[in-house]
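So you can see what is in the structure, the chains are spelled out below.
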Amino acid sequence: MIDRHESICGTVYLVGAGPGAVDLLTVRALKLLEAAEIVFHDALVPREILTLSSRAELVSVGKRCGRHTTAQRFINKRLVDAACRHRVVVRLKGGDPLLFGRAQEEIAALEAAGIRYEVVPGVTAAFAAAASIGTSLSQRGGVRSVALATPRVGSDENASDWARGFAAADAGAIYMGIGEAPAIAAALLAKGKPPALPVAVVENASLPHERIVYTSLARLASITASDFSGPTLLLIGPQFTKRAAAQQSSDAASVVDAKTARRA
Ligand SMILES: C[S@@+](CC[C@H](N)C(=O)[O-])C[C@H]1O[C@@H](n2cnc3c(N)ncnc32)[C@H](O)[C@@H]1O
């Protein structure tokens with residue numbers, strides 16, 4: 001049976017905007033941005049990408065660093081309402097929409113209202129960061145499992161034992177963790193990860209102002225969120241040893257640009 005809404009409403013596309021570089025958008029994402037009548041976008045999506053939607057009304061529903069500018073329930077309702085007024089509604093999320101993006105709540109609201117939707121994957125930040133470093137997230141002979149984790153929990157959620165799953169993997173990426181670097185280091189050391197394990201802190205992956213700081217688990221505690229202004233990801237694993245060693249001639253964590261890091 002076709003729901004009443006499905007027959008008269010448009011489609012909501014949950015689209016991944018990638019890590020920030022315009023040319024890392026998928027072709028499908030680009031076509032949808034060009035066709036969109038209205039775009040609801042996150043705070044991290046750069047203006048350069050938004051301007052590709054020249055015909056669309058742009059609505060910022062950004063949530064950054066725990067500041068919930070627009071409550072999720074309100075976003076869900078706005079998507080449903082917009083689908084009843086427009087044929088092509090784009091919900092644009094940083095990276096991939098299905099990773100740490102609360103897409104499931106939006107999908108649930110759309111399904112409950114009988115609104116058609118499609119998900120368009122994007123390049124997640126961890127893949128862009130690994131590409132910038134020129135180091136594979138998995139590695140033959142040693143790194144066969146890779147965890148994607150976040151220590152961040154919402155105010156309405158139970159405490160999370162994210163470190164258990166992360167420590168069980170050979171390597172991984174931590175999203176939304178820069179503000180909790182000391183707690184992350186302590187949690188992973190307590191789970192048995194070695195103090196010398198390299199950590200690559202990648203800020204603004206794929207963007208011109210990208211920055212990479214190499215450190216170790218033992219020294220991660222000295223990193224503070226105020227050292228970074230853009231979105232920042234932690235890549236942790238033995239495969240970063242060579243890159244980190246090349247930049248750690250002194251005890252201080254080294255800051256290098258992406259080109260230097262690739263040559264290391
Ligand atoms: C709410 S999560 C969204 C993740 C997104 N869905 C993805 O797949 O990349 C936002 C976090 O992703 C990471 N992030 C997003 N873009 C990034 C970038 N260009 N460079 C480094 N980290 C990034 C940061 O840890 C940031 O706090």
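For the structure itself, look to the data block above.
Residues numbered from 1 in each chain as written. Predicted model: local features only at pLDDT ≥ 70, side-chain atom pairs only at ≥ 80, totals over all residues. Heavy atoms only, no water.

*Asks:* Help me understand the overall build of the chain, please; the structure alone is not making it clear to me.
*Replies:* A count of helical and extended segments in the chain gives ten helices and 13 strands. Residues counted as buried form 48% of the 264 residues belonging to the chain. In the chain, once contacts between residues fewer than 6 apart in sequence are set aside, the share between residues at least 24 apart is 70%. Accessible surface, the chain as shown: approximately 12900 Å² in total, 54% of it carbon and sulfur. (Helix = DSSP H or I, 4+ residues; strand = E, 2+ residues; numbered from the N terminus. Buried < 20%, exposed > 50% of the residue type's maximum accessible area, 1.4 Å probe, protein only. Contact = heavy atoms within 4.5 Å. Areas by Shrake-Rupley, 256 points an atom, 1.4 Å probe, with all protein chains shown as cover.)

*Asks:* Any chance you could explain the site of the ligand here in plain terms?
*Replies:* Near the ligand, the surroundings consist of 16 residues, among which Pro19, Leu99, Thr124, Ala205 and Thr232 are the closest. In this structure, Asp96 approaches the ligand through a main-chain N or O atom, which is 2.9 Å from an oxygen atom. In the environment of the ligand, a nitrogen atom lies 2.7 Å from a nitrogen or oxygen atom belonging to the backbone of Leu99. In the complex, the protein chains occlude 87% of the 570 Å² of accessible area that the ligand would expose alone. Two domains each put at least three residues into the shell around the ligand: domain 1 (4-120) and domain 2 (125-249). (Near = heavy atom within 4 Å. Polar contact = N/O pair within 3.5 Å; in protein donor to acceptor, adjacent residues only side chain to side chain. Domains from an automatic or database assignment.)

*Asks:* Just to check I follow, could you spell out the packing of helix α4 (residues 72-83) against helix α5 (residues 103-113) for this structure?
*Replies:* For any two helices packed against each other, the geometry is given by the interaxial angle and the distance between the axes. Where α4 meets α5, the closest approach of the two axes is 9 Å, and the angle between their N-to-C directions is 45°. As judged from the angle between their axes, α4 and α5 are oblique. Crossing geometry of α4 relative to α5 is assigned as right-handed. Contacts between α4 and α5 involve Gln72, Ile75, Asn76, Leu79 and Val80 on the former and, on the latter, Glu105, Glu106, Ala109, Leu110 and Ala113. Within the contact of α4 with α5, the residues separate by chemical class into six nonpolar, two polar and two charged. (Axes fitted to C-alpha atoms, helices over the stretch in contact; angles between N-to-C directions. Parallel < 35°, antiparallel > 145°, perpendicular 65-115°, else oblique. Left-handed = near helix turned anticlockwise from the far one by under 90°. Nonpolar A, V, L, I, M, F, W, Y, C, P; charged D, E, K, R; others polar.)

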